[in-house]
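Descriptive structure summary
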Amino acid sequence: MKSAVENLNPTRVRLTVEVPFEELKDSLDAAYKKINQQVTVKGFRKGKIPARVIDQRFGRGAVLEEAVNDALPKFYERAVNEAEVSVLGQPEVDITELKDGDTLNFTAEVDIRPTIEIPDYSGIEVEVDAVEVTDEDVDKSVEQLRERFASTTPVERAAEDGDVITIDLEAKVDGEVLEDGIANGVSYTIGSGELLDGIDDAVKGLEAGGEATFTSELKGGSAAGREAEVTVKVTQVAKRELPELDDDFAQLASEFDTLEELKADSRGRLENMKKYDQATQAQERVLEKLLELVEVPVPEKLLEDEINTRKHNLEHHQLGQMGLTLDKYLELQGKTAEEFDEETREAAVKGIKTQFVLDELVKVEKLNVNQEELTEHLMRRAASSGMSPDQFAQAVVEQGQVPLLVGEVARGKALAVVVEAATVKDTNGEVVDLDDEEDEVEKTESATETVEAAEGTADQTEAEDKPEA
């Protein structure tokens, strides 16, 4: 076999392949054997029909077609290896010449990974938010904890803001009660905004046994997005009572003996959260700077497929679970279809560039993924898929997806390397040392999450995290 490669553009090549007919012998033998098992000829046992009889009865062309279909993938793979190109997606194959007993010539056009030059990234500088926890932040955190320990006491009076009421609901659209439009015994805190628009005004002033009707747009269910006439009946009004902020509360709500100890712990927790957010912000901004430094041509076919995948996952998984159509989603977002398409395209381009650049960086820096890093990543992906780690690991192995997970972690390690080399300062002008915040495995997984977000895979968790059965 002889092959040649022609670069059509930075992301696409044409392979020209010439195959001597004798190299088709194995595929021809396999074709005769396959046809032998599929047909019957009077006077011959099944599977024992001579080749000349098959040629006479069914045509030599049918044999050649079967043989070529069997041989093409093998010769294509050999041509790809000889050309030393990294192909993306399926090729467009054209048989240019097929002479029985002489030769098989074909061409294959296919997208390839572009050649990328990784520049010196040690000079990258980014600014992130400073880690500052105010007394107001601490008070708000303690108040949220206090809310969790609130008690309720039924009262015989009209409902007010902050009361917890028990209600029955009935929703009608076009005068018909919806099958999923009835709910009884629902607990609702007035002013929380957790139910329908307009419900607060409807229930305030009602006592137990009171009833009101209002119009609201349904947020979910079979009639999501439609206007409904909602009847609400209050069956109980209860007053929320918050515990006193004192040492007794600290002992009730935590392992601490005093309120001051509880506040100190809350401050420490908030600082750790802000440090984590700061590290994530640094990773995101360093990645953006890196992408600005690298010229990355994007294959059009790959981009088209990525855009379609993102739209499909959004429309049929994420929005579908919320009972929303794409049109309704765009209306709620205040976007036109054109704006949505442009944003999706930009996000897809960024995702592809991120993967190409970090994959190249993995090779340049000769990065490897160890078992501990892979296990940590697998456990997080298992949790997001709703499967146990053992179930997820088994599914990944059975479907041959281990290399995909290894690639995800490797890209995270590549980003971590760039972040480590970058200069990170906070808004106060202070240099931020991110090395002390996490151990190496945690740092790798944190960076991997940032990469997933940039690639867009984080938004597709519902649709893609669970391996296919």
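Just so you know, these numbers come straight off a predicted model, no measurement behind them.

Some points on the overall build of the protein
- From N to C terminus, the protein includes 15 helices and eleven strands.
- For the protein, the C-alpha radius of gyration of 32 Å lies well beyond 23 Å, the compact-globule estimate for 469 residues.
- Principal-axis analysis of the C-alpha atoms places the extent of the protein at approximately 100 × 65 × 45 Å.
- Burial analysis of the protein (469 residues in total) assigns 38% to the buried set.
- A fraction of 70% describes how many contacts in the protein between residues 6 or more apart in sequence connect residues 24 or more apart.
- Here the protein has roughly 26700 Å² of accessible surface; of this, 45% comes from carbon and sulfur atoms.
- When the 52 basic and 109 acidic side-chain charges of the protein are each reduced to a single mean position, those positions are 10 Å apart.

Re the sheet that holds strand E2 (residues 12-20)
- Strand order in the open sheet formed by four strands is E1-E2-E4-E3, and the pairing between neighbours is antiparallel. Each edge of the open sheet is held by one strand with a lone partner, namely strand E1 (2-9) and strand E3 (87-99). Pairwise comparison of adjacent strand axes, ignoring direction, gives a mean angle of 20 degrees for this sheet.
- Summarising the sheet, E2 and strand E4 (residues 103-112) pair through nine bridges and their orientation is antiparallel. The residue bridging Val19 from the neighbouring strand is Leu104, located in E4.

Observations concerning the nonpolar core
- Core analysis: the biggest nonpolar cluster contains 39 residues, and Ile124, Leu290 and Leu358 have the highest contact counts within it.
- Counting residues per element, the ones that place at least two in this core are strand E5 (125-128), helix H7 (259-293), helix H8 (300-322), helix H10 (337-364), helix H13 (402-421) and helix H14 (440-455).
- The element that contributes the greatest number of residues to this core is H10, accounting for eight residues.
- For Leu358, the contacting residues outside a window of four places in its chain are Leu287, Leu290, Arg411, Ala414, Leu415 and Val451.
- Membership of the second largest hydrophobic core comes to 31 residues, among which are Phe21, Leu28, Ala31 and Tyr32.

Observations regarding the pattern of salt bridges
- Counted under the stated rule, the structure contains 40 salt bridges.
- The closest approach of N and O atoms between Arg12 and Glu109, which form a salt bridge, is 3.5 Å. Note that Arg12 is positioned in strand E2 and Glu109 in strand E4, a separation of 97 residues in sequence.
- For Asp111, the salt bridge identified is with Arg12, shortest N-O distance 2.9 Å. One end of the pair, Asp111, is in strand E4; the other, Arg12, is in strand E2, with 99 residues separating them in the sequence.
- The exposure class of Asp111 is buried, given its relative accessible area of 7%.
- Through salt bridges with shared partners, a single network forms among Glu6, Arg12, Arg14, Glu92, Glu109 and Asp111.

Describing the UniProt feature "domain: PPIase FKBP-type" (unreviewed entry) in the protein
- UniProt records the feature "domain: PPIase FKBP-type" (unreviewed entry) for residues 162-215 in the present numbering.
- With 9% helix and 54% strand, the stretch residues 162-215 has end C-alpha atoms that lie 22 Å from each other.

A few points about the pairing of strand E8 (residues 176-189)
- Where strand E7 (residues 164-173) lies against E8, eight bridges are found, and the strand directions are antiparallel. Across the sheet, residue Leu169 finds its bridge partner in E8, namely Ala183.

As for the environment of Leu196
- With respect to the element layout, Leu196 can be found in the loop between E8 and helix H5 (199-203).
- With 258 residues separating them in the primary sequence, Leu196 and Ala454 have C-alpha atoms 34 Å apart.
- Ignoring sequence-local partners within four residues, the contact set of Leu196 consists of Phe214, Ser216, Glu217, Leu218 and Val230.

Examining the side chain of Thr354
- As for its position among the elements, Thr354 is in helix H10.
- Here the side chain of Thr354 touches Lys350 through a polar contact of 2.8 Å, landing on its backbone oxygen.
- Excluding its chain neighbours within four sequence positions, the residues that come into contact with Thr354 are Leu287, Leu291, Val451, Ala454 and Glu455.

What about the packing of aromatic side chains?
- All told, the structure shown has one aromatic pair when counted by the stated rule.
- Geometrically, the ring pair formed by Phe149 and Phe249 is edge-to-face, given 6.2 Å between the ring centres and 90 degrees between the ring planes. Of this pair, Phe149 sits in the loop between helix H4 (135-148) and strand E6 (151-154) while Phe249 sits in helix H6 (residues 247-253), and the two are 100 residues apart along the sequence.
- The class for Phe149 is partly exposed, based on a relative accessible area of 31%.
- For Phe249, a relative accessible area of 2% corresponds to the buried category.

Comments concerning the packing of helix H1 (residues 25-38) against helix H2 (residues 51-58)
- Close contact between H1 and H2 brings their axes to 11 Å; oriented N to C, the two are set at 70 degrees. Taken together, the axes of H1 and H2 are roughly perpendicular relative to one another. In terms of crossing hand, the pair formed by H1 and H2 is left-handed. Only Ala51, Ile54 and Asp55 of H2 make contact with H1, whose side of the interface consists of Tyr32, Ile35 and Asn36.
- Of the residues belonging to the contact of H1 with H2, the class tally is four nonpolar, one polar and one charged.

Cut-offs used in this document
- Residues numbered from 1 in each chain as written.
- Predicted model: local features only at pLDDT ≥ 70, side-chain atom pairs only at ≥ 80, totals over all residues.
- Heavy atoms only, no water.
- Helix = DSSP H or I, 4+ residues; strand = E, 2+ residues; numbered from the N terminus.
- Rg over C-alpha atoms; globule rule 2.2 N^0.38 Å.
- Buried < 20%, exposed > 50% of the residue type's maximum accessible area, 1.4 Å probe, protein only.
- Contact = heavy atoms within 4.5 Å.
- Areas by Shrake-Rupley, 256 points an atom, 1.4 Å probe, with all protein chains shown as cover.
- Lys, Arg positive; Asp, Glu negative; His and termini not counted.
- Charge placed at Lys NZ, Arg CZ, Asp CG, Glu CD.
- Pairing = 2+ DSSP bridges.
- Axes fitted to C-alpha atoms, helices over the stretch in contact; angles between N-to-C directions.
- Core = buried A, V, L, I, M, F, W, Y, C linked by side-chain atoms within 4.5 Å.
- Salt bridge = Lys/Arg side-chain N within 4 Å of Asp/Glu carboxyl O.
- UniProt positions renumbered as here; feature names shortened; annotations may be inferred.
- Polar contact = N/O pair within 3.5 Å; in protein donor to acceptor, adjacent residues only side chain to side chain.
- Phe/Tyr/Trp six-rings, centres within 6.5 Å; stacked < 30°, edge-to-face > 60°.
- Parallel < 35°, antiparallel > 145°, perpendicular 65-115°, else oblique.
- Left-handed = near helix turned anticlockwise from the far one by under 90°.
- Nonpolar A, V, L, I, M, F, W, Y, C, P; charged D, E, K, R; others polar.

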